[in-house]
Amino acid sequence: MSRKPIIAGNWKMFKTIGEAQSFFSEVKGKAEVDGVESVICAPFTALPALVEAAKGTSIAIGAQNLHFEDNGAFTGEISGVMLADLGVKYVIIGHSERRAYFAESDEIVNKKTHAAFKHGLTPIVCVGEKLEEREADQTKEVCKVQTEAAFQGLSAEQAAQVVIAYEPIWAIGTGKSSTSADAEDVIAYIRGIVAGLYGEATANAVRIQYGGSVKPNNVAEYLGQANIDGALVGGASLEPASYIALVEGAK
Ligand SMILES: O=C(CO)COP(=O)(O)O
């Protein structure tokens, strides 16, 4: 079963429109490698310019959040209708920063995942444990609960399209990455959770990324693991040369 590797940059709350455009002009043609999917998840304000710049390239553009309703009195929110209208292809859902700072529950993550599919967007659903949960040996239980909740009510066909990002929270932005063996162990377990819900064929189709202090110098090691299909990268996705190296490292 061959799954196409997927490198996704999560810019978080970084880059103006001009900065996004200049980044894109530097990675165009370079962060495009046969056999590797390359996705840039940018702030909402930079999305129209990036979608325009990405036309005719193999780089896909993603958002970092969406609201689960299509329209309504939800001041400050952006819906799947609006993202699809822009030409956005991916959306990150349930990032640990959104769970921690914006009170996103497993139930909200599930609603957002359904909303993504409703509008033809591919969800990148984030799961992962806190440091205290890891220390209490609860990593797998936390990932099981989050994964099962996120997939609630999805058809097998939809489930196969989900990209899961396993991001141990203690490894995000800390420089303390999980060892590739530990990440592989948890990711293989998460694939088993999907198999339990939908069967082996669906589980074998789902792509699962590792995220947390991924850099050009360690990306290949993660991608070399049997169950790790890509990386969701924060800090190291912000510089063009580094982003290009990440995509090349996923070959
Ligand atoms: O949160 C992350 C990606 O979503 C990981 O961030 P860093 O790559 O900066 O650790």
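Calculation rules
Residues numbered from 1 in each chain as written. Predicted model: local features only at pLDDT ≥ 70, side-chain atom pairs only at ≥ 80, totals over all residues. Heavy atoms only, no water. UniProt positions renumbered as here; feature names shortened; annotations may be inferred. Helix = DSSP H or I, 4+ residues; strand = E, 2+ residues; numbered from the N terminus. Pairing = 2+ DSSP bridges. Axes fitted to C-alpha atoms, helices over the stretch in contact; angles between N-to-C directions. Buried < 20%, exposed > 50% of the residue type's maximum accessible area, 1.4 Å probe, protein only. Arc of directions from axis to C-beta. Contact = heavy atoms within 4.5 Å. Parallel < 35°, antiparallel > 145°, perpendicular 65-115°, else oblique. Left-handed = near helix turned anticlockwise from the far one by under 90°. Nonpolar A, V, L, I, M, F, W, Y, C, P; charged D, E, K, R; others polar.

Under an unreviewed UniProt entry, the protein has the name Triosephosphate isomerase and belongs to Paenibacillus terricola. Per UniProt, the protein has the following entry under Sequence similarities (unreviewed entry): "Belongs to the triosephosphate isomerase family." Its UniProt record, at the heading Subcellular location (unreviewed entry), says of the protein: "Cytoplasm".

Moving on, we get to unusual backbone geometry. Positive phi, normally seen in glycine, also occurs at Lys15, with a value near 90 degrees. Mapped onto the secondary structure, Lys15 falls in the loop between β1 (6–10) and α1 (17–27). Backbone geometry at Ser213 places phi at a positive 55 degrees, although glycine is not the residue there.

With parallel pairing, the 8 strands of this closed barrel are ordered in space as β1-β2-β3-β4-β5-β6-β7-β8. Averaged over all pairs of adjacent strands, the angle between their axes in this sheet comes to 25 degrees, without regard to strand direction. Bridge count for strand β3 (residues 59–63) against strand β4 (residues 90–93) is 2 bridges, and the pairing is parallel. Bridged to Ala63 within β4 is Val91.

Let us now look at α1. Since one α-helical turn is 3.6 residues long, residues separated by three or four positions face the same way. Those residues of α1 not exposed but buried are Ala20, Phe23, Phe24 and Val27. Taken around the axis of α1, the buried residues stretch over an arc of 95 degrees, which confines them to a single face. Directly beyond the C-terminal end of α1, a positive phi value near 80 degrees is found at Gly29.

On the UniProt side, "active site" (unreviewed entry) is annotated at positions that read His95 and Glu167 here. Spatially, the listed residues are clustered: although they cover 73 residues, their C-alpha atoms lie within 8.5 Å of one another. Relative to the assigned elements, His95 resides in the loop between β4 and α4 (96–101). By relative accessible area, which is 4% here, His95 ends up buried. Here His95 is in contact with Asn10, Lys12, Cys126, Glu167 and Ile172, once residues within four sequence places are set aside. Relative to the elements of secondary structure, Glu167 occurs in the loop between β6 (163–166) and α9 (180–198). When near neighbours in sequence (up to four residues on either side) are disregarded, Glu167 contacts His95, Cys126, Val127, Gly128, Glu129, Ile172, Gly211, Gly212 and Leu232.

Turning our attention to the pairing of strand β7 (residues 207–211). Within β7, 5 of the 5 residues are buried, which leaves the element mostly enclosed by the surrounding structure. In β7, alternate side chains face the same way, and those of Arg207, Gln209 and Gly211 on one face and Ile208 and Tyr210 on the other are all buried. In terms of strand pairing, β6 meets β7 through 4 bridges, oriented parallel. Within the sheet, the bridge partner assigned to Ile164 lies in β7 and is Ile208. Here β7 runs beside strand β8 (residues 230–233); their pairing, made up of 3 bridges, is parallel.

A word on the packing of helix α7 (residues 139–151) against α9. Put simply, α7 and α9 touch, their axes get as near as 10 Å, and they point 40 degrees apart. Judged on the interaxial angle alone, α9 and α7 are oblique. For the crossing formed where α7 meets α9, the hand is right-handed. Here α7 contributes Thr139, Lys140, Cys143, Lys144, Thr147, Glu148 and Phe151 to the contact with α9, which in turn contributes Asp185, Val186, Tyr189, Ile190, Ile193, Val194, Leu197 and Tyr198. Within the contact of α7 with α9, the residues separate by chemical class into 9 nonpolar, 2 polar and 4 charged.

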